[in-house]
Amino acid sequence: MTELPVKFAELSVWGAWCLATETERNARRVASSFEDISAFAMALEPHIEAICAHIDAVQAEGDLDPPTLNLFYMLMSLAEVAPAIESYDPEVEVVHGYNSKLFVAEERHPLRPAL
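Note that the structure is a prediction, hence the values are computed from the model and not measured.

Novice: Even after reading the chapter, I still don't get helix α1 (residues 22-31), so can you show me in this structure?
Specialist: Spacing of three or four residues puts side chains on the same side of an α-helix, whose turn is 3.6 residues. Every buried residue belonging to α1 is among Arg25, Asn26, Arg29 and Val30, and all of these are buried. Projected down its long axis, α1 shows its buried positions confined to an angular sector of 125 degrees, all on one face. The elements touched by buried residues of α1 are α2 (34-44) and α4 (66-87).

Written out as structure tokens, the structure is:
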């Protein structure tokens, strides 16, 4: 089970969404059903403000500890699935659009924002 900050322990059941790269998050989204991504989003939605506040508070003190980093990755996965939920229902990919697996993110780009 993925380690999260104690106050977010109930979200640990969604630990498979704690993915460090955009490529991993995209692959997880397109391999999931619409029902799965919707359930994930609905579970996280009530916690978004608290998650952001926690990440901001920890980051203000220095680097993110591993549990908070996992929480950040989970939040990034929510950002990955949100467009599909809002725009592609009931699909997980762009309807009549490009194959997102063909556009692999450059995970080591020098201008990529640091955590």
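Novice: I would appreciate a short explanation of the side chain of His54 in the present structure.
Specialist: For His54, the position within the fold is in helix α3 (residues 48-60). With a relative accessible area of 13%, His54 lands in the buried category. Residue contacts for His54: discarding those within four places in its chain leaves Pro5, Lys7, Phe8, Thr68 and Leu71.

Novice: Just to check I follow, could you spell out the packing of α2 against α4 for this structure?
Specialist: For any two helices packed against each other, the geometry is given by the interaxial angle and the distance between the axes. Relative orientation of the contacting elements α2 and α4 amounts to 125 degrees, with a least axis distance of 9 Å. Taken together, the axes of α2 and α4 are oblique relative to one another. Here α2 runs over α4; the crossing is left-handed. Note on element contacts: α4 touches α2 through Met74, Ser77, Leu78, Val81, Ala84 and Ile85, opposite Phe34, Ile37, Ser38, Phe40, Ala41 and Leu44.

Cut-offs applied
Throughout, residues of each chain are indexed from 1 in the direction in which the sequence is written. pLDDT decides what is reported in this predicted model: residues at 70 or higher carry local features, side-chain atom pairs at 80 or more are listed and counted, and totals for whole chains, interfaces and linings draw on all residues regardless. Hydrogens and water are ignored here; the side-chain numbers use all heavy atoms of the structure. Summary of the burial criterion: residues with accessible area below 20% of their type's maximum are buried, those above 50% are exposed, and those between are partly exposed, where the area comes from a 1.4 Å probe applied to protein chains only. Here a strand is any run of E in DSSP of at least two residues, a helix any run of H or I of at least four, and the numbering for each starts at the N terminus. Throughout, the arc means the angular range of directions from the helix axis out to the C-beta atoms. By definition in these notes, contact holds between two residues if any of their heavy atoms fall within 4.5 Å. The angle between two axes is taken between their N-to-C directions and runs from 0 to 180 degrees, where each axis is a line fitted to C-alpha atoms and a helix contributes only its stretch in contact. With respect to orientation, any angle under 35 degrees is reported as roughly parallel, any angle over 145 as roughly antiparallel, any angle of 65 to 115 as roughly perpendicular, and every other angle as oblique. Crossings are assigned a handedness: left-handed for a near helix turned anticlockwise from the far helix by less than a right angle, right-handed for a clockwise turn.

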